[in-house]
Amino acid sequence: AFTAAPVFCFGEGTPAARIDLAQFRDVTSKLVQALTLTLLAVTIVSIQVSLNLLGGERAIYWRESRHYSVWAYLLGKTAATLPLTLAYPFLFLLPFYQLFRPWATWQVYYGILVLVQFAGEGIGQLISLLATDSRQLAGGVMALLLTCLSGSFPLITAPPIKAVSFASLSRWGVEALYANEMSPFYYGEPSLRGRGCCTYEYAASPQLPIPYPLAWNASTPCRNPLPPGSAEKVASLLGGQYGYTAWWRHNDCGEGSVRGPGDPPPDIVGCGTWDGEQPLLGLLAIAIVARLLVLVALLVKDRRRRK
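Fair warning: this is a prediction, and the values are worked out from it, not measured in the lab. (Residues numbered from 1 in each chain as written. Predicted model: local features only at pLDDT ≥ 70, side-chain atom pairs only at ≥ 80, totals over all residues. Heavy atoms only, no water.)

Draft legend 1. The arrangement of the nonpolar core in detail. Counting 47 residues, the largest nonpolar core has Tyr109, Ile123, Leu169, Tyr178, Met182 and Leu238 as the members making the most contacts within it. Broken down by secondary-structure element, the contributors of at least two residues to this core are helix 1 (17-48), helix 4 (70-100), helix 5 (106-130), helix 6 (135-148), helix 8 (169-187), helix 9 (231-241) and helix 10 (277-300). At eleven residues, the largest contribution of residues to this core is made by helix 5. With sequence-adjacent residues up to four places away left out, tyrosine 178 is seen in contact with Leu31, Val32, Leu35, Ser152, Leu238, Tyr242 and Tyr244. Membership of the second largest hydrophobic core comes to 13 residues, among which are Trp62, Val70, Leu74 and Leu298. (Core = buried A, V, L, I, M, F, W, Y, C linked by side-chain atoms within 4.5 Å. Buried < 20%, exposed > 50% of the residue type's maximum accessible area, 1.4 Å probe, protein only. Helix = DSSP H or I, 4+ residues; strand = E, 2+ residues; numbered from the N terminus. Contact = heavy atoms within 4.5 Å.)

And the structure:
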């Protein structure tokens, strides 16, 4: 089943707090390159598959466009490719998710990669109009350049380049994926929706093995939630090192309440939870801007040939 992998969250100040940090380090070492290469693969596919959508029928467009609306032409082309836009990330994730086994659910990965695919197709269409004769080469170079601007691998330190990176779909895609993968290591147990980690009564000595936690009694009430021991490291990595600051909220959730087994999660929507809308809105904005530029290119470029 496509479900989230387990995460063991103990809380800062508990005897097992170092386990949170050990898990975080283990996950981070696998994610840095894996998520970047994932976005590179999806970006290459999204750009390459759209290069012939408009660029491959320029002669037909020049001859026929005088008889129909350019808006309708672009809208029809976009609508006709929507099934493939949905299919490519689906087919990519079927084997990838089972091999990679990330913490976030399959549905979350699929939603993010669909937006990356949609934005990449808009960029590919624009490239096919601006560099029609060499669009395959230009598309490959652009995919690699966008991935290099993701900010995670390689790191970006120069302010001008960092500012340019906000126009990269790979940056927003990697940030959205990181936000989901790092969420339990920053906010705590997902069942508490941002309130932290439970304080459990441990059944063994405080000398806990690393990175494997001791089992606890599942019926133990969740009392006095604490921040995860890895929260500070997550903020330092994503915010300080990578420059990803759009994914979390900084408001305080206040004191955690006593919660017993079977109780519904507290109603604290919007308090300390992942603000995932911003990276997704960044991807959607890139997709819309790219298609507006495609429309301008269709209207302006080679106007004499359309007459």
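That covers the picture; the talk isn't over yet.
Draft legend 2. Quick look at helix 10. Look at helix 10: 34 Å from first C-alpha to last across 24 residues, which is about the 34 Å you get at 1.5 Å a residue. Every buried residue of helix 10 is accounted for by Pro279, Gly282, Leu283, Ile286, Ala287, Ala290, Arg291, Val294, Leu295, Ala297 and Leu298. Buried residues belonging to helix 10 abut helix 2 (51-54), helix 3 (58-64), helix 4, helix 5 and helix 8. (Expected span 1.5 Å × (residues − 1).)

Draft legend 3. Looking closely at helix 6. Over its 14 residues, helix 6 extends 20 Å from the first C-alpha to the last, a length consistent with the 20 Å expected when each residue adds 1.5 Å. Of the residues making up helix 6, those classed as buried are Arg135, Gly139, Ala143, Leu146 and Thr147. Across the axial projection of helix 6, the buried residues extend over an arc of 105°, all falling on one side. What points out from helix 6, more than 90 degrees from its buried face, is the exposed set Leu137 and Val141. For helix 6, the elements touching its buried residues are helix 1, helix 2, helix 5 and helix 8. (Arc of directions from axis to C-beta.)

Draft legend 4. A look at the environment of glycine 139. Among the secondary structure elements, glycine 139 is positioned in helix 6. For the pair formed by glycine 139 and valine 45, sequence separation is 94 residues and the distance between their alpha carbons is 9.8 Å. Other than its neighbours up to four places away in sequence, glycine 139 contacts Ile47, Gln48, Leu51 and Ile127.

Draft legend 5. Expanded view of the packing of aromatic side chains. Per the counting criterion, the structure on display carries eleven aromatic pairs. Relative to tyrosine 242, the ring of tyrosine 178 has its centre 5.5 Å away and its plane inclined at 50°; by these criteria the two rings are tilted. You can see tyrosine 178 sitting in helix 8 and its partner tyrosine 242 sitting in the loop between helix 9 and helix 10, a full 64 residues away along the chain. By the burial criterion, tyrosine 178 is buried, and tyrosine 242 matches it. Taken together, a centroid distance of 5.7 Å and an interplanar angle of 55° make the contact between tyrosine 242 and tyrosine 244 tilted. Three or more aromatic residues link up through ring pairs in this structure, and these residues are Phe90, Trp106 and Tyr110. The aromatic ring of phenylalanine 166 is capped on one face by arginine 171, whose charged end is 4.1 Å from the ring centroid. (Phe/Tyr/Trp six-rings, centres within 6.5 Å; stacked < 30°, edge-to-face > 60°. Lys NZ or Arg CZ within 6 Å of the ring centre and 35° of its normal.)

Draft legend 6. Focus on unusual backbone geometry. The phi torsion at arginine 101 lies on the positive side, around 55°, for a residue other than glycine. With respect to the helices, strands and loops of the structure, arginine 101 is situated in the loop between helix 4 and helix 5. The class of arginine 101 is partly exposed, set by a relative accessible area of 39%.

Draft legend 7. Representation of the packing of helix 4 against helix 5 within the structure. Two elements in contact, helix 4 and helix 5, have axes whose closest approach is 8 Å; the angle formed by their N-to-C orientations is 135°. As far as their axial angle goes, helix 5 and helix 4 are oblique. For the crossing formed where helix 4 meets helix 5, the hand is right-handed. (Axes fitted to C-alpha atoms, helices over the stretch in contact; angles between N-to-C directions. Parallel < 35°, antiparallel > 145°, perpendicular 65-115°, else oblique. Left-handed = near helix turned anticlockwise from the far one by under 90°.)

Draft legend 8. Looking closely at the pattern of salt bridges. In this structure the tally under the stated criterion is two salt bridges. Residues lysine 77 and glutamate 57 are paired through a salt bridge, measuring 3.1 Å at the closest nitrogen-oxygen approach. Highlighted residues: lysine 77 in helix 4 and glutamate 57 in the loop between helix 2 and helix 3, separated in sequence by 20 residues. With a closest N to O distance of 3.9 Å, arginine 171 and glutamate 175 form a salt bridge. One end of the pair is arginine 171 and the other is glutamate 175, both in helix 8 and four residues apart, which spans about a single turn. Arginine 171 sits in the buried class, given a relative accessible area of 3%. Judged by its relative accessible area of 1%, glutamate 175 is buried. (Salt bridge = Lys/Arg side-chain N within 4 Å of Asp/Glu carboxyl O.)

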